[in-house]
Amino acid sequence: MGSFSLMHWLVFGVIAILVLGGGRFSNLMGDVAKGIKNFKKGMAEEDDAGAKREPGRIDAKRDADVVLDPAAERARDDR
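Here's what I pulled together on the structure shown here. Please read all numbers here as calculations on a predicted model, not as lab measurements.

## Considerations on the overall build of the protein
Turning to step 1, where the next piece is worked out: The number of helices and strands found in the protein is three helices and zero strands.
Turning to step 2, where the next piece is worked out: Secondary structure elements in the protein, listed N-terminal to C-terminal, are α-α-α.
Turning to step 3, where the next piece is worked out: A burial count over the protein gives 1% of its 79 residues as buried.
Turning to step 4, where the next piece is worked out: In the form shown here, the protein has an accessible surface area of approximately 7,700 Å², with 62% of it arising from carbon and sulfur atoms.

Put into C-alpha cells, the structure is as follows:
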C-alpha cells in the first residue's frame with residue numbers, strides 16, 4: 001500500500017510534463033548533462049595535473065602562497 005508501481009510513476013510523470021510543459025524538462029536535462037560534462041572535465045584536468053608533476057619538484061603555482069620567513073622560524077625554534 002505504501003509503495004507505488006511503475007504505472008503510477010509513469011502516470012505521474014506524464015501529468016507533470018503536461019502541467020509544467022516539456023520545455024522545462026528538456027532544459028533541465030540539458031543543464032544536468034552540461035554539469036556532468038564539466039565535472040568529468042574538471043576531474044580529468046586534476047588527474048592530468050597530478051600525473052604531469054614530477055615527484056620532488058616544487059610546483060610554483062601550487063606553492064605560490066607559501067612564504068618562508070626565517071625570522072619567524074628562528075623565533076619559533078627559540079621557545
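## So, a nonpolar patch on the surface
Turning to step 1, where the next piece is worked out: A cluster of nonpolar side chains, namely Leu6, Met7, Leu10, Val11, Ile15, Val19 and Leu20, defines an oily patch on the protein surface of about 710 Å² accessible area.
Turning to step 2, where the next piece is worked out: Mapped onto the elements, valine 19 comes out in helix H1 (residues 6-20).

## Points about H1
Turning to step 1, where the next piece is worked out: With 15 residues, H1 extends 21 Å from end C-alpha to end C-alpha; this agrees with the ideal 21 Å at 1.5 Å per step.
Turning to step 2, where the next piece is worked out: Note on H1: the residue one or two positions beyond its end, glycine 21, has a positive phi of about 95 degrees.

## Points about the packing of aromatic side chains
Turning to step 1, where the next piece is worked out: Under the counting rule described, the total for this entry stands at two aromatic pairs.
Turning to step 2, where the next piece is worked out: Centre to centre, the rings of phenylalanine 4 and tryptophan 9 are 5.7 Å apart; their planes meet at 75 degrees, and the pair counts as edge-to-face.
Turning to step 3, where the next piece is worked out: Tryptophan 9 sits in the exposed class, given a relative accessible area of 52%.
Turning to step 4, where the next piece is worked out: Between tryptophan 9 and phenylalanine 12 the ring centres are 6.1 Å apart and the planes differ by 90 degrees, which places this aromatic pair in the edge-to-face class. Of this pair, tryptophan 9 and phenylalanine 12 both sit in helix H1, three residues apart, which is roughly one turn of that helix.
Turning to step 5, where the next piece is worked out: On the basis of relative accessible area, phenylalanine 12 is assigned to the exposed category, the value being 54%.
Turning to step 6, where the next piece is worked out: Here the aromatic residues Phe4, Trp9 and Phe12 are joined through ring pairs into a cluster of three or more.

Parameters at a glance
- The residue numbers shown here count from 1 along each chain, following its written sequence.
- The predicted nature of this model means local features are confined to residues of pLDDT at least 70 and side-chain atom pairs, given and counted, to a pLDDT of 80 or more, with totals for whole chains, interfaces and linings taken over all residues.
- Excluding hydrogens and water, the side-chain figures rest on all heavy atoms present in the structure.
- Each helix is a run of DSSP H or I of at least 4 residues and each strand a run of E of at least 2, with the numbering of both proceeding from the N terminus.
- The classification of residues rests on relative accessible area computed with a 1.4 Å probe and restricted to protein chains. Under 20% of the type maximum is buried, over 50% is exposed, and intermediate values are partly exposed.
- The method behind every accessible area is Shrake-Rupley, applied with a 1.4 Å probe, and residues are considered shielded solely by the protein chains displayed.
- Surface patches are defined over residues having more than 30% relative accessible area and no salt bridge, joining like charges when they lie within 9 Å and nonpolar side chains (Val, Leu, Ile, Met, Phe, Trp, Tyr) when within 5 Å.
- Counted as salt bridges are all cases of a side-chain nitrogen of Lys or Arg within 4 Å of a carboxyl oxygen of Asp or Glu.
- In a helix, the anticipated span is given by 1.5 Å times the number of residues less one.
- By convention, a stacked pair of Phe, Tyr or Trp rings (six-membered ring in the case of Trp) has centres within 6.5 Å and planes under 30 degrees apart, an edge-to-face pair has planes over 60 apart, and any other such pair is tilted.

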